[in-house]
Amino acid sequence: MEFTFNWTTWPFVEIGDLEDGGLRSRLDPELVSDLEAWSLFMLENFDERTGFSSEQAELMANDKYQDLARRLRAENLAFDTCVWWG
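Residues numbered from 1 in each chain as written. Predicted model: local features only at pLDDT ≥ 70, side-chain atom pairs only at ≥ 80, totals over all residues. Heavy atoms only, no water.

Caption draft 1: A look at the nonpolar core. The biggest cluster of nonpolar side chains holds 22 residues, and the ones touching the most others in it are F3, L35, W38 and L72. In terms of residue count, the dominant contributor to this core is helix α3 (residues 55-74) (6 residues). Setting aside anything within four residues of it in sequence, one finds L35 in contact with F3, W10, P11, F12, L27, L68 and L72. (Core = buried A, V, L, I, M, F, W, Y, C linked by side-chain atoms within 4.5 Å. Buried < 20%, exposed > 50% of the residue type's maximum accessible area, 1.4 Å probe, protein only. Helix = DSSP H or I, 4+ residues; strand = E, 2+ residues; numbered from the N terminus. Contact = heavy atoms within 4.5 Å.)

What follows is the structure, given as structure tokens:
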């Protein structure tokens, strides 16, 4: 599994039968909300051709990404990180 920005409001690509709710159902609801908020922030503040809307937005996005990665690891989730926008 890879934690990255996917141009959606969820930073994971989940394949297969998600009838059980997928990853969202296994994580703390506050963490799920924060992951969705980070993805939305990226959608609003990052453009593939021009980059971030500001240096401050880039710093905020990357700091939050690192924080979310730490929190995901604290939930014992095994994943790779991919910061392709940086």
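Caption draft 2: Structural detail: the packing of aromatic side chains. What the rule picks out here adds up to 17 aromatic pairs. Seen from their ring centres, F3 and W38 are 5.7 Å apart, and the 55° between their planes marks the pair as tilted. In this pair, F3 is assigned in strand β1 (residues 2-3) and W38 in helix α2 (residues 29-45), connecting sequence segments 35 residues apart. One exposure class covers both F3 and W38, and it is buried. When the centroid spacing of 5.4 Å and the interplanar angle of 40° are considered together, the rings of W38 and Y65 count as tilted. Of this pair, W38 sits in helix α2 while Y65 sits in helix α3, placing them 27 residues apart in sequence. Side by side, W38 and Y65 carry an identical accessibility label, which is buried. Each residue in the set F3, F5, W7, W10, F12, W38, F46, F52, Y65, F79, W84 and W85 is aromatic and connected to the rest through ring pairs, giving one cluster. Across the ring face of W10, the terminal group of R24 is positioned such that the distance to the ring centre comes to 4.0 Å. (Phe/Tyr/Trp six-rings, centres within 6.5 Å; stacked < 30°, edge-to-face > 60°. Lys NZ or Arg CZ within 6 Å of the ring centre and 35° of its normal.)

Caption draft 3: Broad picture of unusual backbone geometry. Positive phi, close to 65°, is recorded for W7, a residue that is not glycine. By the element assignment, W7 lies in the loop between β1 and α1 (22-26).

Caption draft 4: Fine view of the environment of V13. With respect to the element layout, V13 can be found in the loop between β1 and α1. Classification of V13 as exposed rests on a relative accessible area of 59%. The spatial distance from the C-alpha of V13 to the C-alpha of F3 is 8.5 Å, given a sequence separation of 10 residues.

Caption draft 5: Quick peek at the side chain of D34. Relative to the helices and strands, D34 resides in helix α2. A distance of 2.7 Å separates polar atoms of two side chains, one belonging to D34 and the other to R71. Apart from residues lying up to four places away in sequence, D34 is in contact with K64, L68 and R71. (Polar contact = N/O pair within 3.5 Å; in protein donor to acceptor, adjacent residues only side chain to side chain.)

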